[in-house]
Amino acid sequence: MSRAVYIDIAHDLRERIASGQLRPGDDVPTEAELAERWQTSRGPIRNALAALRAEGLVETTRGRPARVVSKKATQPVDMSVPFTRWARDLGVEPGAQTQEVALRRAADLAELFGISPDDQVVSVLRLRMLDGRPTMVERLNYTEDVGRLLFQIDTDAVSITDYLGEQGHPIVSVQHEIDAMAADERDAALLRVPLGTPLLRLSRISRDAEGRIFEASQDRYLGDVVRFTVAGSGISADGQYLRAVGG
C-alpha cells in the first residue's frame, strides 16, 4: 500500500514540475501538506521526494521544504539523471538500440550485490544516441528481482531508470566514478570508431530506500560528444585537498 502511494505522489509532483505548475526555485509543498492531501504518513512522502531527488528534479535541505531545481545541460555526477531526460534537456532527441537483455550468473558481481556467484543477474547492453548519432554504450546490471521487469518492456522505447522507478525501484542514492578507457571491439563497432578510441567511462552503483545495491552499471561515452563538469567546493589550508561536487 505505502509503495503505491509514494509512486502516485512522485508521479503527481513530477507532472506538476513538467507542466510548469512548479517551476525551478519553487518550494514543493511541505511534508505535512502532502501528507494531509494524500491522507498518508510522512514515510511515503519522503520516499516520493527521494525518488524525485534521485531524478534531479528537486533538492532537499534539512529544515526547509524540497525545492524544484533548474534543468541541467551537463551530465551531473552527484545524482542519477536518466539519459533520456538529460538528452531532452539539451534539446536533442534521445535514441536507444538494445543489443541484449540477458540472465547470467552473478560471478564477479556477487560480492557487490551480496548474493551467491551462482545466483543470477540481468544484464543489458544498449547503444544510446543523440539525434541519431552514436554517443554512448550502456552496460547495465541488475539484481534478478529488479532486472526481470525489463523482459516485459521494449527497452528501446523507454527510460529504464524511470520505468523501474515507476515499478517501485527508484534510485534513492547513487555513487559515480569517472575515468577514461579505450574502446574495446564491441564499443568500437557500436560507436563506429576505431578500436582503442578514448572513451569517458561513468561507473554507477545505485541503492534503494533500504540501502540495498540493485544496479551496477557502466556508461561509455564518446569524449567529443559528451563532457562532464565538476565544481570544487573548496581547498584546504595546505592546498592538498579538494572536495568535488557535481555540476
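See the structure above.
Throughout what follows, the structure given in this document is the object of discussion.

Conventions and cut-offs
Residues numbered from 1 in each chain as written. Predicted model: local features only at pLDDT ≥ 70, side-chain atom pairs only at ≥ 80, totals over all residues. Heavy atoms only, no water. Helix = DSSP H or I, 4+ residues; strand = E, 2+ residues; numbered from the N terminus. Contact = heavy atoms within 4.5 Å. Areas by Shrake-Rupley, 256 points an atom, 1.4 Å probe, with all protein chains shown as cover. Pairing = 2+ DSSP bridges. Core = buried A, V, L, I, M, F, W, Y, C linked by side-chain atoms within 4.5 Å. Buried < 20%, exposed > 50% of the residue type's maximum accessible area, 1.4 Å probe, protein only. Salt bridge = Lys/Arg side-chain N within 4 Å of Asp/Glu carboxyl O. Expected span 1.5 Å × (residues − 1). Axes fitted to C-alpha atoms, helices over the stretch in contact; angles between N-to-C directions. Polar contact = N/O pair within 3.5 Å; in protein donor to acceptor, adjacent residues only side chain to side chain.

Remarks on the overall build of the protein
Each helix and strand counted, the protein has eight helices and 10 strands in total. Contacts in the protein between residues at least 24 apart in sequence constitute 58% of all its contacts with a sequence separation of at least 6. As displayed, the protein has an accessible area near 12900 Å², and 47% of this comes from carbon and sulfur atoms.

Some points on the pairing of strand S1 (residues 58-61)
Taken together, the three bridges between S1 and strand S2 (residues 64-68) define a ladder with antiparallel strand orientation. Within S2, the position partnered with Thr61 by the bridge is Arg64. Following S1, the chain reverses through two residues before pairing antiparallel with S2; Gly63 in that reversal takes a positive phi of roughly 90 degrees.

So, the nonpolar core
Across soluble globular proteins, nonpolar side chains show a tendency to be buried alongside one another. Judged by nonpolar contacts, the single largest core of 18 residues is most densely connected at Leu13, Val28 and Val58. The set of elements that each furnish at least two residues to this core consists of helix H1 (2-19), helix H2 (31-38), helix H3 (42-54) and S2. In terms of residues, this core owes the most to one element, H1, which gives six residues. The contacts of Val28, once residues within four sequence positions are left out, are Leu13, Leu34, Leu49, Val58, Pro65, Ala66, Arg67 and Val68.

What about the pattern of salt bridges?
When charged atoms on two side chains of opposite charge get close, those side chains can pair. Scanning all chains against the criterion turns up 21 salt bridges. For Asp184, the salt bridge identified is with Arg139, shortest N-O distance 3.7 Å. In this pair, Asp184 is assigned in the loop between strand S6 (173-182) and helix H8 (185-191) and Arg139 in strand S5 (residues 133-143), connecting sequence segments 45 residues apart. A relative accessible area of 29% places Asp184 in the partly exposed class.

Brief notes about H3
With 13 residues, H3 should reach 18 Å at 1.5 Å per residue; the first-to-last C-alpha distance of 18 Å fits that figure. Among all positions of H3, only Pro44, Ile45, Ala48, Leu49, Ala50, Ala51, Leu52 and Ala54 are buried. A positive phi of about 80 degrees marks Gly56, the residue just after H3.

Quick look at the sheet that holds S6
Strands belonging to one sheet form pairs held by backbone hydrogen bonds; the direction of such a pair is parallel or antiparallel. The strand order across the open sheet built from six strands is S3-S4-S5-S8-S7-S6, with neighbouring strands paired in antiparallel fashion. Each edge of the open sheet carries a strand with a single partner, namely strand S3 (94-105) and S6. Put simply, the sheet's adjacent strands are angled 15 degrees from each other on average, direction ignored. Judged from the 10 bridges that link them, S6 and strand S7 (residues 198-207) form a sheet pairing that is antiparallel. Note that in S7 the partner of His176 across the bridge is Arg204.

Quick notes on the environment of Leu191
Residue placement: Leu191 occurs in helix H8. C-alpha of Leu191 to C-alpha of Leu222: the two residues are 31 residues apart in sequence and 7.9 Å apart in space. Sequence-distant contacts of Leu191, that is, excluding residues within four places in its chain, are made with Leu127, Pro134, Thr135, Met136, Val137, Leu199, Arg220 and Leu222.

Observations concerning the environment of Leu195
Its place among the elements puts Leu195 in the loop between H8 and S7. Put simply, Leu195 and Glu185 are 10 residues apart on the chain and 6.0 Å apart in space, counted from C-alpha to C-alpha. Setting aside residues up to four positions removed in sequence, Leu195 forms contacts with Ala183, Asp184, Glu185 and Ala188.

Some remarks on the side chain of Ser217
For Ser217, the position within the fold is in strand S8 (residues 213-222). Residue class for Ser217 comes out buried when judged on its relative accessible area of 5%. Of note is the side chain of Ser217, whose polar atom sits 2.9 Å from the side chain of Glu215. The contact partners of Ser217, leaving out residues within four places of it in the chain, are Arg139, Leu140, Asn141, Leu202, Ser203 and Arg204.

A few points about the pairing of S7
Sheet topology places S7 next to S8; nine bridges connect them, and they run antiparallel. Counted as the bridge partner of Ser203 is Gln218 from S8. Connecting S7 to the next strand, S8, in antiparallel fashion are five residues, including Gly211 with a positive phi near 85 degrees.

Shape descriptors only; they carry no functional weight alone.
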